[in-house]
Amino acid sequence: SKEAFRDAVLKERLLELNCEHHRRTDLIRFGKLAEQVHAAFPDVTLDEHFNLYPIPQQAIDSNTAMTEEDQNPGY
């Protein structure tokens, strides 16, 4: 099934790229960041804003079409 294949790919990337700092982005891409963090640390719950990075202030300042309200939620 698609889900079994995705889980296999995610596990393989964990094993192959474990020291290359790809895990967080892989978990975000597959929608499993909160699930994996909760499995490792049951007392920790993640807010939705952990799935996004903040937009750099310099990018907001240099783009006249953007305002402070365009910042990703939680930042």
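Further up the page is the structure itself.
Caption draft 1: Structural detail: the pattern of salt bridges. Under the definition given, this model contains four salt bridges. Across the salt bridge formed by Asp-26 and Arg-13, the nearest N and O atoms sit 2.7 Å from each other. Separated by 13 residues along the polypeptide, Asp-26 in helix H2 (residues 23–29) and Arg-13 in helix H1 (residues 2–16) bring together distant segments of the chain. When its relative accessible area of 2% is taken as the criterion, Asp-26 is described as buried. Classification of Arg-13 by relative accessible area gives partly exposed; the value is 29%. Here Arg-29 ties to Asp-26 by a salt bridge, and the two come within 2.9 Å at their closest N and O atoms. Placement of the pair is Arg-29 and Asp-26 together in helix H2, with a separation of three residues, close to one helical turn. A residue is classified by how much of its surface remains accessible, and Arg-29, at 58% relative accessible area, is exposed. A single network of salt bridges, built from pairs that share partners, joins Glu-3, Asp-7 and Lys-32.

Reading the values: the criteria
- Residues numbered from 1 in each chain as written.
- Predicted model: local features only at pLDDT ≥ 70, side-chain atom pairs only at ≥ 80, totals over all residues.
- Heavy atoms only, no water.
- Salt bridge = Lys/Arg side-chain N within 4 Å of Asp/Glu carboxyl O.
- Helix = DSSP H or I, 4+ residues; strand = E, 2+ residues; numbered from the N terminus.
- Buried < 20%, exposed > 50% of the residue type's maximum accessible area, 1.4 Å probe, protein only.

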